[in-house]
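# Understanding the architecture of this molecule
The primary structure of each chain is shown beneath.
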Amino acid sequence: MQQEGRGPSPRTSARASRRGTCRRACTGPSARSRRRGETQVVKIGHVAPVSGPQAHYGKDNENGSRMAIEDLNTQNIVIGGKTIKFEIQAEDDAADPKQGTAAAQKLCDAKVNGVVGHLNSGTTIPASKVYNDCGIPHVTGAATNPDLTKPGYKTTYRIIANDLALGAGLANYAADNLKLKRIAVIDDRTAYGQGVAKVFAETAKTKGIEIVDEQFTTDKATDFMAILTAIKSKNPDGIFFGGMDAQAGPMLRQMEQLGLGEVNYFGGDGICTTEIAKLAAGAKTLGKMICAEGGSSIQKMPGGVEWKARYDAKYPNQYQIYSPYTYDATMLLADAMKRADSVDPAVYTAKLAESDYKGVTANIQFEPNGEMKNAAITLHHYVDGKKTPLD
């Protein structure tokens, strides 16, 4: 029973005051975040071949994405009132379409917030439907077949030039700069290899070049002597190969063995790597090779030189070609999340279409179909075994 004239004690009043204050101020989102922990994990999926003959490409791609995630985690990014911790969920598709779709479904089931990849057009195209169906955006900086964006999925984006630009650029150079007249075409039967070879051949014909032979191989082959012998009989002054460096390297060696050392050799970004100098094993035919790469050379990228120095310090002797793009693709996803103030794919995906992101590789903006606006290409040749941009 409380005695008259006596109010609550100072200690009781203080407790009541704190309770009253907390009832009013401690129930909002920021307080709940503090009680539960302010950090929210955001997972970025990455898919590329990190096993098999294309593993050097895949590891380079994965390195680029990992490097971006590490950089993002130094920025103390706050989205939706929570500090974001980015993590990578890396999957291996072994450059196999079936494994690629399985990896895509695995990332969907894991409810990752976005995906960077895949490397190969043959894996990216079927995977893009999986991502569309589960509503997760993906950005590729490597797959170049134009068919990727034809379905019009709002979840599909590419930040590198496609094969229409690469194949045409090489054909124009062969005709206008080298004045070639007779070229044989080989492809590896993949979506990428067939696509870029088709564009090259069609463009070359419009420039007055005769396609003297069309041959095909596989993306697992290493013996090309029969194909090259048949081509030699047609007396070409150039050979175009639609495929990857794991096949182009041995092909260059075998061209030299067959006396095709003076024949010009062309290919898209699949052969435009540093690794091909090792795979060609000193073949002089490497000096007759010209390849096309989507985007600008590292030296001409807005942030290329500084970025490459950091990459080489972190991943010595692993750089191939696409890692600056997977770095930018990862950063692009985070940028869209920040602008949407949400990490929910259903909310932030629309912001990707509105991107105006100043990346390491370029200023990235998109056409309505997810293709990059004003995508550049660079032609390269090999001087003393070193990949060198053509002037």
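Reading guide: rules and limits
- Residues numbered from 1 in each chain as written.
- Predicted model: local features only at pLDDT ≥ 70, side-chain atom pairs only at ≥ 80, totals over all residues.
- Heavy atoms only, no water.
- pLDDT = per-residue confidence, 0-100.
- Contact = heavy atoms within 4.5 Å.
- 1 Å grid on protein atoms, 1.4 Å probe; cavity = no way out; pocket = protein on both sides within 12 Å on 5 of 7 lines; lining within 4 Å.
- Points joined across faces, edges and corners; volume = space filled by probe spheres on them.
- Domains from an automatic or database assignment.
- Disulfide = S-S within 2.5 Å.
- Helix = DSSP H or I, 4+ residues; strand = E, 2+ residues; numbered from the N terminus.
- Buried < 20%, exposed > 50% of the residue type's maximum accessible area, 1.4 Å probe, protein only.
- Buried area = accessible area lost by both parts, 1.4 Å probe.
- Salt bridge = Lys/Arg side-chain N within 4 Å of Asp/Glu carboxyl O.
- UniProt positions renumbered as here; feature names shortened; annotations may be inferred.
- Pairing = 2+ DSSP bridges.

We now examine the confidence of the model for the protein chain. When pLDDT drops low, the exact placement of atoms in the prediction is not to be read closely. Looking at the protein chain, pLDDT values average 92 and 91% of them are 70 or higher. When the criterion is pLDDT under 50, residues 1-36 qualifies, and its contacts beyond four places in sequence or with other chains add up to 11 contacts.

It is the rolling of a water-molecule-sized probe over the atoms that shows where space remains empty. This structure, assessed with the given rule, holds 1 cavity of 30 Å³ or more. Within this model, the largest cavity holds a volume of roughly 60 Å³. The two domains that each donate at least three residues to the lining of the largest cavity are domain 1 (39-161 + 298-376) and domain 2 (164-294).

Attention shifts here to the state of the cysteines. Per the stated rule, a full pass over the model turns up 2 disulfides. The disulfide that involves C108 links it to C134, with 2.0 Å between the sulfurs. The disulfide joining C108 to C134 has a torsion of about -50° about its S-S bond and is therefore left-handed. Separated by 26 residues along the polypeptide, C108 in helix α4 (residues 97-109) and C134 in helix α5 (residues 121-134) bring together distant segments of the chain. On the basis of relative accessible area, C108 is assigned to the buried category, the value being 9%. The disulfide partner of C272 is C291, and the S-S distance across this bridge is 2.1 Å.

To continue, consider the environment of T330. Relative to the elements of secondary structure, T330 occurs in helix α12 (residues 323-340). On the basis of relative accessible area, T330 is assigned to the buried category, the value being 1%. If sequence neighbours within four positions are ignored, T330 has contacts with I44, S65, A68, I69, L72 and V116.

So, on to the domain arrangement of the protein chain. As assigned here, the protein chain comprises domain 1 (39-161 + 298-376) and domain 2 (164-294). Spacing between the C-alpha centres of domain 1 and domain 2 amounts to 29 Å. Between domain 1 and domain 2, the contact holds 21 residues from the first and 18 residues from the second. It is Y57, Q320 and I321 that lose the most area in domain 1 upon contact with domain 2, and together they represent 28% of the buried surface on that side. There are 0 salt bridges connecting domain 1 and domain 2.

Right, let's talk about the UniProt feature "domain: Leucine-binding protein" (unreviewed entry) in the protein chain for a bit. According to UniProt, the positions carrying the feature "domain: Leucine-binding protein" (unreviewed entry) are residues 42-372. From the first C-alpha to the last, residues 42-372 spans 25 Å; its make-up is 42% helix and 19% strand.

The pairing of strands in a sheet happens through backbone hydrogen bonds and is either parallel or antiparallel. Reading across the sheet, the 6 strands line up as β2-β3-β1-β4-β5-β6 and stay open at both edges, with mixed pairing between neighbours. Here the strands that pair on one side only, and so sit at the sheet edges, are β2 (78-79) and β6 (156-158). In the sheet, strand β4 (residues 114-117) pairs with strand β5 (residues 138-140) via 2 bridges, with the strands oriented parallel. Of the residues in β5, the one forming a bridge with V116 is V139.

Let us look at the side chain of T217. Structurally, T217 can be placed in the loop between β8 (210-216) and α8 (225-232). Beyond its immediate chain neighbours, meaning those up to four positions away, T217 contacts I186, D187, D188, R189, F224, I227 and F241.

The next subject is the pairing of strand β3 (residues 82-92). As a general feature of sheets, a regular strand has side chains that alternate between the two faces. Strand direction decides the pairing type here: strand β1 (residues 39-48) and β3, joined by 10 bridges, are parallel. Looking at β3, one finds that A48 is bridged to D92. Bridging between β2 and β3 involves 2 bridges; their strand directions are antiparallel. Note that in β3 the partner of I79 across the bridge is K82. Hairpin connection of β2 to β3: 2 residues between the antiparallel strands, including G80 at a positive phi of 60°.

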